[in-house]
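What the coordinates show
Each chain is listed here by its residues.
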Amino acid sequence: MKPFDLKNQDTHSKARRGVVHTAHGDVQTPVFMPVGTRGTVKGITPEQLRTTGAEIVLANTYHMLLRPGTEVVEALGDLHGLMSWDGPILTDSGGYQVFSLSTLNRIGEDGVEFASHIDGKKIYLDAKTATETQNRLGADIIMCFDECTPWPCPQEHLVKAVERTVRWAKQCKDAHANDKQLLFGIVQGGVDMDLRSDCAKQMIPMEFDGYAIGGLSVGEGHDHMIRTVNHTAPLLPEDKARYLMGVGMPIDIVESVRAGVDMFDCVLPSRNGRNAYAFTDDGPLRLRNSQYVTDTSPIEQGCPCYACQNFGKGTIRHFFNVGEMMGPILVTIHNLTYFQRLMKEIRSQIENNTFNEWANEFCSKHKDEA
RNA sequence: GGGUCGGUGCCCGAGUGGCUAAAGGGGAUGGGCUGUAAACCCAUUGGCGCGAGCCUUCGCUGGUUCGAAUCCAGCCCGGCCCA
């Protein structure tokens, strides 16, 4: 079976409605994938995650490799067993940690040496080890080991990063030895359109199961991001899933869907939820703010999530103020539900061929959040 | 009644002649977070002023000193010990 089926193509934009087929089930796109870096989406159970509408979840190779380690994950029934999640899982290769843990690593031509952020132990990650590790962790979609560059980034570094990312991608493809898993390639190149084009041109002949746009949402800002996505997404094969890594704010997602992106992941709904920031259709709420002290209304009127059905803002604010776990739990559930409801709306608008107009309205309403 | 230790900003608490509008916590208020080193991090927190700056503040009152939260005297209040 083809890994990706295109179901509808919006006629007023590049937005698409599709399905990704994985060993643990289908994923309706455009899709938002919550992040469960170390084997769990922080603060909620898989059952709660399911009720938000999530179909697929992320985990991270670098973090699982450090703890508990590949053998232990295998012994616990691979990632699906460990996470108690029988749906699709995607693992990031550790390429993001090349960026996020840059003070703890050294990038070489063949791979990256990390000083473990836990005990300083040397961890070497390259295309082969990242792929073999992911083969064994057992996710349904695995990612090439890439170099996620920072922003701003000197041009010569950007060029080198693209070279390495392309070279490593070939090595990942060669090392990949688990035919139950889809392997996605990643296009790098910062906000340099020529580099993005070069990188895409070199990645496509390698015939990956899907293609990601990496190296964005690293501080470049909404305009740079969207310009780069608008340039890059159309370069990728129409019959393969396109995945914008690490994005993002709702408005970033809507604009990127418009550019033809199918898949997203981001820590924002979960992390910000833990930090009392609630996403709503009327813009964000900072639930620690004193204005909510005695507010008995839900975070979002009409939201079917457990938090909105059972608690008012004042109670949730109280939970945050006294440090009760329930605050982070409730807002995580709400935010993930918000994102899933947004994706559902997006899919429905594409099916009705009304996406573009809807997106215009959404973006004008949320432009302040960019 | 005698002795002794102490009374500092919203709270706790450091400071014991000038660099002190006063360390550090807590609390409060506001902000940030984008393929998670994040249930975390940052900022503000006496008043007035855009600002230089001015005013008020370390129990109360008075004193010493160029200068006092800091030294002295009296008083008030609290803890402990003795009677």
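Residues numbered from 1 in each chain as written. Chains lettered and ligands numbered in written order. Predicted model: local features only at pLDDT ≥ 70, side-chain atom pairs only at ≥ 80, totals over all residues. Heavy atoms only, no water.

1. Topic: the overall build of chain A
Counting its secondary structure elements, chain A contains 15 helices and 16 strands. Relative to the compact-globule value of 21 Å for 370 residues, chain A shows a C-alpha radius of gyration of 20 Å, a close match. Structurally, chain A occupies a C-alpha span of about 60 × 50 × 40 Å along its principal axes. Put simply, chain A has 370 residues, and 58% of those count as buried. Long-range contacts, defined as pairs at least 24 residues apart, comprise 67% of the intrachain contacts of chain A with a sequence gap of at least 6. Accessible area for chain A stands at about 15,100 Å²; split by element, carbon and sulfur atoms hold 49% of it. Averaging the positions of the 37 positive and the 47 negative side-chain charges in chain A gives two centres separated by 3 Å. (Helix = DSSP H or I, 4+ residues; strand = E, 2+ residues; numbered from the N terminus. Rg over C-alpha atoms; globule rule 2.2 N^0.38 Å. Buried < 20%, exposed > 50% of the residue type's maximum accessible area, 1.4 Å probe, protein only. Contact = heavy atoms within 4.5 Å. Areas by Shrake-Rupley, 256 points an atom, 1.4 Å probe, with all protein chains shown as cover. Lys, Arg positive; Asp, Glu negative; His and termini not counted. Charge placed at Lys NZ, Arg CZ, Asp CG, Glu CD.)

2. Here we look at the protein's contact with RNA strand B
Around RNA strand B sit 42 residues, and of these C148, S217, M245, V267 and R286 come closest. When the atoms of RNA strand B within 4 Å of the protein are grouped by moiety, sugar and phosphate amount to 50% of the total. One of the backbone N or O atoms of V267 is found 2.2 Å from a phosphate oxygen in RNA strand B. One of the side-chain N or O atoms of R271 is found 2.9 Å from a base nitrogen in RNA strand B. For the surface near RNA strand B, the secondary-structure elements that each account for two or more residues are strand 5 (57-60), helix 5 (95-100), strand 14 (263-266) and helix 11 (268-274). Ranked by residue count, the leading element in the surface near RNA strand B is helix 11, at five residues. Looking at side-chain class alone, the surface near RNA strand B contains 15 nonpolar, 17 polar and ten charged residues. (Near = heavy atom within 4 Å. Polar contact = N/O pair within 3.5 Å; in protein donor to acceptor, adjacent residues only side chain to side chain. Nonpolar A, V, L, I, M, F, W, Y, C, P; charged D, E, K, R; others polar.)

3. Some thoughts on the confidence of the model for chain A
On average, residues of chain A score 97 in pLDDT, and 100% of them reach the 70 mark or higher. Complex prediction metrics read pTM 0.95 and ipTM 0.93. (pLDDT = per-residue confidence, 0-100.)

4. Here's the deal with the pairing of strand 9 (residues 122-126)
Relative to strand 9, strand 8 (residues 111-115) is paired through five bridges, and the arrangement is antiparallel. Among the inter-strand pairings, A115 is bridged to a residue of strand 9, identified as K122. Remark: six residues form the turn of the hairpin made by strand 8 and strand 9, two consecutive strands paired antiparallel; G120 in that turn has positive phi of roughly 80°. (Pairing = 2+ DSSP bridges.)

5. With respect to the sheet that holds strand 8
Within the open sheet, the three strands sit side by side as 7-8-9. Their pairing is antiparallel. Two strands in the sheet have a free side with no partner beyond their single neighbour: strand 7 (105-107) and strand 9. Averaged over neighbouring strand pairs, the angle between their axes works out to 15° when direction is ignored. As defined by bridge partners, strand 7 adjoins strand 8 across three bridges and the pair is classed as antiparallel. Each bridged residue has a counterpart across the sheet, and for R106 the counterpart in strand 8 is E113. (Axes fitted to C-alpha atoms, helices over the stretch in contact; angles between N-to-C directions.)

6. Concerning the packing of aromatic side chains
Throughout the structure, instances matching the rule amount to 13 aromatic pairs. Consider the rings of F279 and Y338, whose centres lie 6.4 Å apart with planes at 15°: the pair is stacked. On the criterion of sequence distance, the pair formed by F279 in the loop between strand 15 (277-278) and strand 16 (285-286) and Y338 in helix 14 (residues 326-351) is long-range, its members being 59 residues apart. For Y338, a relative accessible area of 5% corresponds to the buried category. A network of ring pairs unites the aromatic residues F32, Y277, F279, Y338 and F339 as a single cluster. The ring of W85 has R50 sitting right over it, with the charged end atom 4.0 Å from the ring centre. When the ring centre of F208 is taken as reference, the NZ or CZ atom of K173 above it lies at 5.7 Å. (Phe/Tyr/Trp six-rings, centres within 6.5 Å; stacked < 30°, edge-to-face > 60°. Lys NZ or Arg CZ within 6 Å of the ring centre and 35° of its normal.)

7. Here we look at helix 6 (residues 127-137)
Taken residue by residue, helix 6 has A127, A130, T131, T133, Q134, N135 and L137 as its buried positions. Of the residues that open helix 6, the one with a side-chain oxygen 3.2 Å from the backbone nitrogen of K128 is D126. Positive phi appears at G138, one or two residues downstream of helix 6, with a value of about 90°.

8. Brief notes about the side chain of E147
Residue placement: E147 occurs in the loop between strand 10 (141-143) and helix 7 (155-175). A polar contact is formed between the side chain of E147 and the side chain of H157, at a distance of 2.7 Å. At a separation of 2.7 Å, a polar atom in the side chain of E147 contacts the side chain of R164. Setting aside its immediate chain neighbours within four residues, E147 contacts V98, I107, H157, A161, R164, T165, W168 and Q188.

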